[in-house]
Amino acid sequence: MIVSPFRMPGSLPTVCEAAWPKDVGIIAMEVYLPSQFVEQAELEEFDGVGAGKYTVGLGQARMGFCSDREDINSLCLTVVQQLMERSGLSYQSVGRLEVGTETIIDKSKSTKTVLMQLFEESGNTDVEGVDTTNACYGGTAALFNAINWVESSSWDGRYALVVAGDIAVYATGSARPTGGAGAVAMLVGPNAPLAFERGLRGTHMQHAYDFYKPDMVSEYPVVDGKLSIQCYLGALDRCYSVYRNKIHAQWQREGLDKRCSLEDFGFMVFHSPYCKLVQKSLARLVLNDFLCHPSPNTESGPFSGLEAFRDVKIEDTYFDRDVEKAFMKASSEVFENKTKASLLISNQNGNMYTPSVYGCLASVLAQHTLQQLAGQRIGVFSYGSGFAATLYSIKVTQDATPGSALDKLVSSLCDLQARLDSRKKVSPDVFAQNMKLREETHHLANYIPQGSVDELFPGTWYLTRVDEKHRRQYARRSMNDDRPLEAGLVSSSIAAEHTPSPLKKMSRIPTATAGPEVLISNGDH
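Residues numbered from 1 in each chain as written. Predicted model: local features only at pLDDT ≥ 70, side-chain atom pairs only at ≥ 80, totals over all residues. Heavy atoms only, no water.

Caption draft 1: The overall build of the chain, seen in detail. Looking only at helices and strands, one finds 14 helices and 17 strands in the chain. Expressed as a percentage of its 525 residues, the buried residues of the chain come to 57%. Sequence-distant contacts in the chain: of pairs separated by 6 or more residues, those separated by 24 or more amount to 73%. With the model as given, the accessible surface of the chain reaches about 21700 Å², and the carbon-plus-sulfur share is 51%. (Helix = DSSP H or I, 4+ residues; strand = E, 2+ residues; numbered from the N terminus. Buried < 20%, exposed > 50% of the residue type's maximum accessible area, 1.4 Å probe, protein only. Contact = heavy atoms within 4.5 Å. Areas by Shrake-Rupley, 256 points an atom, 1.4 Å probe, with all protein chains shown as cover.)

This is the structure we're talking about:
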């Protein structure tokens, strides 16, 4: 029996029902990345574009991708079960499960309901939440719903589980190298090592057709690249302004008279469509700080030499190369210290859509010591086209002692680089063939996927077939294999598949023992 390293929050005693749970936030995280990738430098040559267009211009090194063996349901099944196994938690301890995704394979049935099959052996069906969708913002909306649930009168003392997952694919052309895939699961509750700062969210919502998916039979979006960048940067400006006003008001109530700037954040992470946009976004926050400062020192310090830009209007600078160049240079040290480490997964795996910003958060945790993280404020900017955006902050606990909640969280992510290195590199031609296969078979009924199960990491859920009624069935690759350890899981050989009756109750997968793979479906209704 696995002993959980986490302590259940527990049902609320009657005398404590009015108490506000303390330090509600992220207790545990799990990241799932596809097992195959393509080198962006090789893709440049394959696509016949100039050297550096993807690697320097976009700041991307590698791009992860999925064969037709994986879909949004399988990604989420994998990351949820890995989190539950790693943490040793009972499925009975989860009272809310919500999925944020824009990878829609059914216009009615949610991915969350597919995930409920993992809960069946526990008998726990009392689990609130469904799916939340708005481009890359859905994961953040789901996370806010989970935080709000724990802090509300509806909370029954159990954990919330949030899953952000997507498969980002584009038609052949300039946008294709900005793809990627993956999933992040987050356990939410009180007394968290990553506590959400209450009342400190700056949100901006607006209507725009910068990126959208109107074709229901295609995975590919319609993208207005220039408008999308303008919307992203404009939303960042507005969210940062609202956030600063809120924290300033909070500080005033506490008797503090100070101005909020990037100096108040230990780390700053962003939704990352591609790494170069994140670097430009950090520079943009420095521009905001400069323009809002009543009397910036342009003789020395971070604003040195920027006096020529004192009177620019922020809304006129989205594509001003002089402003961009000057503030990229002025922010270079801040970028190195506060943001660069967050781009590990983004640079090596690409844009995961909803999990992108949380992959950036995981990257920060994976590359810093407990002492470097303890007590820091982490700024998080989440953006989803259409568009919806929020800038909020997380406060890292001061407790960095061995065995602490922060220690457990960081330890669970310290092998991120090893996981990235354990993936298989494929040629651009093989990548293109996989994209073509996905394009031709997307939403086909009575279909058996062609991708190799052997290429998947041990413990990965995958699609076995889509029947004539579009019902999907899944199996999990055995945990034991002779390949290197992945995601901290024990490795075994693939066993024979078997398909149980749709009416038969599915058994829960053993946590670490070898045995036959178990199949589940996406429902019979």
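Caption draft 2: Representation of the pattern of salt bridges in the model. Overall, the coordinates contain 23 salt bridges when judged by the stated rule. Where Glu 30 meets Arg 86, a salt bridge forms, and the shortest distance between an N and an O atom there is 2.7 Å. Placement of Glu 30 in strand β1 (residues 25–32) and of Arg 86 in helix α2 (residues 72–87) is noted, with a sequence separation of 56 residues between them. The partly exposed category is assigned to Arg 86, whose relative accessible area is 30%. Several salt bridges converge on common partners, so that one network encompasses Glu 30, Arg 86, Asp 415 and Arg 419. (Salt bridge = Lys/Arg side-chain N within 4 Å of Asp/Glu carboxyl O.)

Caption draft 3: Region of interest: the sheet that holds strand β3 (residues 62–65). Across the sheet, three strands lie side by side as β3-β2-β14; this open sheet has mixed pairing. The sheet is open, and its two edges are formed by β3 and β14 (424–426), each paired on a single side. Strand-to-strand twist of the sheet, defined as the mean angle between neighbouring strand axes without regard to direction, takes the value 40°. Relative to β3, strand β2 (residues 36–39) runs antiparallel, the two being bridged by four bridges. (Pairing = 2+ DSSP bridges. Axes fitted to C-alpha atoms, helices over the stretch in contact; angles between N-to-C directions.)

Caption draft 4: Up close: unusual backbone geometry. Following Gly 386, the chain continues to Phe 387 via a peptide bond in cis, the omega torsion being -5°. Mapped onto the fold, Phe 387 is located in the loop between β12 (377–384) and β13 (388–396). Even without a glycine there, the phi angle at Asp 23 is positive, about 50°. Within the fold, Asp 23 resides in the segment before β1.

Caption draft 5: Looking closely at the side chain of Arg 69. By secondary structure assignment, the location of Arg 69 is in the loop between β3 and α2. Engagement of the side chain of Arg 69 in a polar contact is seen with the backbone oxygen of Gly 451, the distance being 2.8 Å. With residues near it in sequence (within four places) discarded, Arg 69 still touches Ser 74, Pro 449, Gly 451, Ser 452, Val 453, Tyr 462, Leu 463 and Thr 464. (Polar contact = N/O pair within 3.5 Å; in protein donor to acceptor, adjacent residues only side chain to side chain.)

Caption draft 6: Quick look at the pairing of β2. Side-chain alternation along β2 places Gln 36 and Val 38 on one buried face and Phe 37 and Glu 39 on a second face that is also buried. Note: β2 against β14, three bridges, orientation parallel. Across the sheet, the residue bridging to Gln 36 is Lys 424, located in β14.

Caption draft 7: Representation of the layout of surface pockets. As a volume, the largest pocket reaches approximately 780 Å³. Counting only elements with at least two residues in the lining of the largest pocket, the list comes to α5 (225–253), α6 (275–292), α7 (321–330) and β12. When residues in the lining of the largest pocket are grouped by element, the largest group, six residues, is from α5. Of the residues assigned to the lining of the largest pocket, the class counts are 17 nonpolar, nine polar and six charged. (1 Å grid on protein atoms, 1.4 Å probe; cavity = no way out; pocket = protein on both sides within 12 Å on 5 of 7 lines; lining within 4 Å. Points joined across faces, edges and corners; volume = space filled by probe spheres on them. Nonpolar A, V, L, I, M, F, W, Y, C, P; charged D, E, K, R; others polar.)

Caption draft 8: Up close: the packing of aromatic side chains. Throughout the structure, instances matching the rule amount to 16 aromatic pairs. Note on Phe 211 and Tyr 353: the rings are 5.7 Å apart at their centroids and 80° apart in plane angle, and the pair reads as edge-to-face. Here the residue Phe 211 occupies a position in strand β9 (residues 211–212), and Tyr 353 occupies one in the loop between α9 (344–349) and α10 (356–366), the gap between them amounting to 142 residues. Per residue, the accessibility class of Phe 211 equals that of Tyr 353, and both read buried. Grouping aromatic residues by their ring pairs yields a cluster made of Tyr 232, Phe 270, Phe 381, Tyr 383 and Phe 387. The side chain of Lys 226 reaches across the aromatic face of Phe 319, ending 5.0 Å from its centre. Over the ring of Tyr 240 we find Arg 244, and its NZ or CZ is 4.5 Å from the ring centre. (Phe/Tyr/Trp six-rings, centres within 6.5 Å; stacked < 30°, edge-to-face > 60°. Lys NZ or Arg CZ within 6 Å of the ring centre and 35° of its normal.)

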